[in-house]
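Spelled out from the first residue to the last, the chains are:
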Amino acid sequence: FCLSRGLGDVYKRQWQKSLSRPVALKMLLGGQIATVESVQRFRLEAEAAARLQHPHVLPVYETGERETFLYYTMRLIDPPRAVSVLTVSEAATRDEQRVAAEAMAKVARAVAHAHAHGVLHRDLKPGNVLLGGDGEPYVTDFGLAKLTQEADARLTLSMAVLGSPSYLAPEQASGNPRDVSTAADVYGIGAVLYELLTGRAPFRGATALATLREVMETPVRAVRAVRAGIDRDLEVICLKCLEKNPGHRYGGAAEVADELERYLRGEPVVARPVPWLVRPWRWSQRKEQL
């Protein structure tokens, strides 16, 4: 069985003889007729994923080439489920919101790990965060990754505007790769969280070009305007990630994880300090949770 993803094909239910385990095998589309640029990007994808060892990054086991076909193997998630299965229902129950926030806190930690190892993902979206059989989230598909010190030297600027328009940061949508930093992945975390909380992407125009214009020019609709039952603190965290100006977002993915973990503990979030009159009540709520 074959599932096409990004630059390659993921062949499920392959067996790695050397370690006697099932794996997912990804091979470069095109084989011998693949372009030089696609070969470069496939190698970069494998390199970026392989350098990351984190509980919530889908691990790469082996990379290689056979009969001119590039490939790498990774942990098999079968069946593959996107994190969007955790989308909060119209009822927006507290438990649903906590499950979504907990998953995204883990994703944010994984992205922070990638940043610490010089990798920008640049294509964070629900389909690139998979849930394992254990219910844990795994960041995958580094097909648009950038190694912060190396990628620009290896790839041409024809790849400047890539990714899924509905989840791209404004600076990515503008097409200038030099403006893309870790802040773009912070935006991506917010975009995925937005969909989990509202059931829709932050932006979705009639065409890809219309969507890119909305990303760059239109304010995102408030979370609670789409789904009124969402906790105000979760909305604040999400919308801060989705600020148009990268400098107005959280300073890094780790800060997003910190905020989501504060929310889960019932503590005030930094982005919206709780008025002092409310703090005793919030503290009592937290104690009840514990």
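Scroll up to find the structure this text is about.
The shown structure was predicted, so the numbers you read here are calculated from the model rather than taken from an experiment.

**Q** An account of the overall build of the chain is requested, with residue identities and associated values reported.
**A** When its secondary structure is counted, the chain shows 10 helices and 10 strands. By residue count, 49% of the 290 residues in the chain fall in the buried class. Across the chain, every contact between residues at least 6 apart in sequence was considered, and the portion connecting residues at least 24 apart equals 64%.

**Q** Which residues make up the nonpolar core, and what are the values?
**A** Of all hydrophobic cores here, the largest spans 73 residues; its most connected members are Met-104, Val-119, Phe-142, Ile-189, Leu-197, Val-256 and Leu-260. Once you skip the residues sitting within four places of it in the chain, Val-119 turns out to touch Ala-48, Arg-51, Leu-52, Ala-114, Phe-142, Ala-145, Lys-146 and Leu-147.

**Q** Break down the sheet that holds strand E9 (residues 137-139) for me, citing the residues and quoting the values.
**A** The strand order across the open sheet formed by 3 strands is E6-E8-E9, and the pairing between neighbours is antiparallel. Each of the sheet's edge strands pairs with one partner strand only, and the pair in question is strand E6 (81-82) and E9. By the bridge criterion, 2 bridges tie E6 to strand E8 (residues 129-131) in an arrangement that is antiparallel. Paired with Arg-81 across the two strands is Leu-131, which belongs to E8. The sheet contacts of helix H2 (residues 94-116) involve E8 and E9, and relative to E9 the element is tilted by about 30 degrees.

**Q** Can you tell me about the packing of helix H8 (residues 232-241) against helix H9 (residues 253-265), naming the residues and giving the values?
**A** Taken N-terminus to C-terminus, the directions of H8 and H9 make an angle of 175 degrees; their axes are 10 Å apart at the nearest point. Judged by the inter-axis angle, H8 sits roughly antiparallel to H9. Seen from H8, the contacting residues are Asp-233, Leu-234, Ile-237 and Cys-241; seen from H9, they are Val-256, Glu-259, Leu-260 and Tyr-263. A per-class count over the contact of H8 with H9 returns 6 nonpolar, no polar and 2 charged.

**Q** Account for the packing of aromatic side chains, naming residues and giving values.
**A** In this structure the tally under the stated criterion is 0 aromatic pairs. Positioned above the aromatic ring of Tyr-250 is the side chain of Lys-240, whose terminal nitrogen or guanidinium carbon lies 5.4 Å from the ring centre.

**Q** Before we move on, can you summarise the pattern of salt bridges with the specific residues and values?
**A** Per the counting criterion, the structure on display carries 12 salt bridges. The partner of Lys-106 in a salt bridge is Glu-102, and the shortest N-O contact between them spans 3.7 Å. Of this pair, Lys-106 and Glu-102 both sit in helix H2, 4 residues apart, roughly one helical turn. With its nearest N and O atoms 4.0 Å apart, the salt bridge here joins Asp-123 to Lys-125. Given the relative accessible area of 10%, Asp-123 is considered buried. Taken together, the salt bridges that share partners define one network made up of Glu-102, Lys-106 and Glu-136.

**Q** Quick rundown of H2? Include the residues and the values.
**A** An ideal rise of 1.5 Å per residue puts 33 Å on 23 residues; H2 measures up with 33 Å between its terminal C-alpha atoms. Just downstream of H2 lies Gly-118, where phi reads positive at about 75 degrees.

**Q** Before we move on, can you summarise the environment of Glu-171 with the specific residues and values?
**A** Within the secondary structure layout, Glu-171 lies in helix H4 (residues 170-173). Residue Glu-171 is classed as buried on the basis of its relative accessible area, which comes to 7%. For the pair formed by Glu-171 and Ala-184, sequence separation is 13 residues and the distance between their alpha carbons is 7.4 Å. If we ignore the near neighbours within four places in the chain, the residues touching Glu-171 are Asn-176, Asp-179, Val-180, Ala-183, Ala-184, Lys-244, Pro-246 and Arg-249. Side chain to side chain, Glu-171 and Arg-249 meet in a polar contact 2.7 Å long.

**Q** Any chance you could break down unusual backbone geometry for me, citing the residues and the numbers?
**A** At Ala-92, a position not held by glycine, the phi torsion is positive, near 50 degrees. Its location among the elements puts Ala-92 in the loop between E6 and H2. Phi at Arg-122 takes a positive value of approximately 70 degrees, unusual for a residue other than glycine. For Arg-122, a relative accessible area of 15% translates into the label buried.

**Q** Any chance you could break down the side chain of Arg-122 for me, citing the residues and the numbers?
**A** Take Arg-122: it is sitting in the loop between strand E7 (119-120) and E8. Non-local contacts of Arg-122, meaning those with residues more than four positions away in its chain, are made with Arg-41, Leu-144, Ala-145, Lys-146, Leu-168, Gln-172, Val-180 and Asp-185.

**Q** Which residues make up the packing of H2 against helix H5 (residues 182-198), and what values go with them?
**A** Contact geometry of H2 with H5 gives a least axis separation of 11 Å together with a crossing angle of 165 degrees. Judged by the angle between their axes, H2 and H5 are roughly antiparallel. Note that H2 runs across H5; the crossing there is right-handed. Contacts from Ala-100, Met-104, Ala-108, Val-111 and His-115 in H2 reach Thr-182, Asp-185, Ile-189, Val-192, Leu-193 and Leu-196 in H5.

About the criteria used
- Residues numbered from 1 in each chain as written.
- Predicted model: local features only at pLDDT ≥ 70, side-chain atom pairs only at ≥ 80, totals over all residues.
- Heavy atoms only, no water.
- Helix = DSSP H or I, 4+ residues; strand = E, 2+ residues; numbered from the N terminus.
- Buried < 20%, exposed > 50% of the residue type's maximum accessible area, 1.4 Å probe, protein only.
- Contact = heavy atoms within 4.5 Å.
- Core = buried A, V, L, I, M, F, W, Y, C linked by side-chain atoms within 4.5 Å.
- Pairing = 2+ DSSP bridges.
- Axes fitted to C-alpha atoms, helices over the stretch in contact; angles between N-to-C directions.
- Parallel < 35°, antiparallel > 145°, perpendicular 65-115°, else oblique.
- Nonpolar A, V, L, I, M, F, W, Y, C, P; charged D, E, K, R; others polar.
- Phe/Tyr/Trp six-rings, centres within 6.5 Å; stacked < 30°, edge-to-face > 60°.
- Lys NZ or Arg CZ within 6 Å of the ring centre and 35° of its normal.
- Salt bridge = Lys/Arg side-chain N within 4 Å of Asp/Glu carboxyl O.
- Expected span 1.5 Å × (residues − 1).
- Polar contact = N/O pair within 3.5 Å; in protein donor to acceptor, adjacent residues only side chain to side chain.
- Left-handed = near helix turned anticlockwise from the far one by under 90°.

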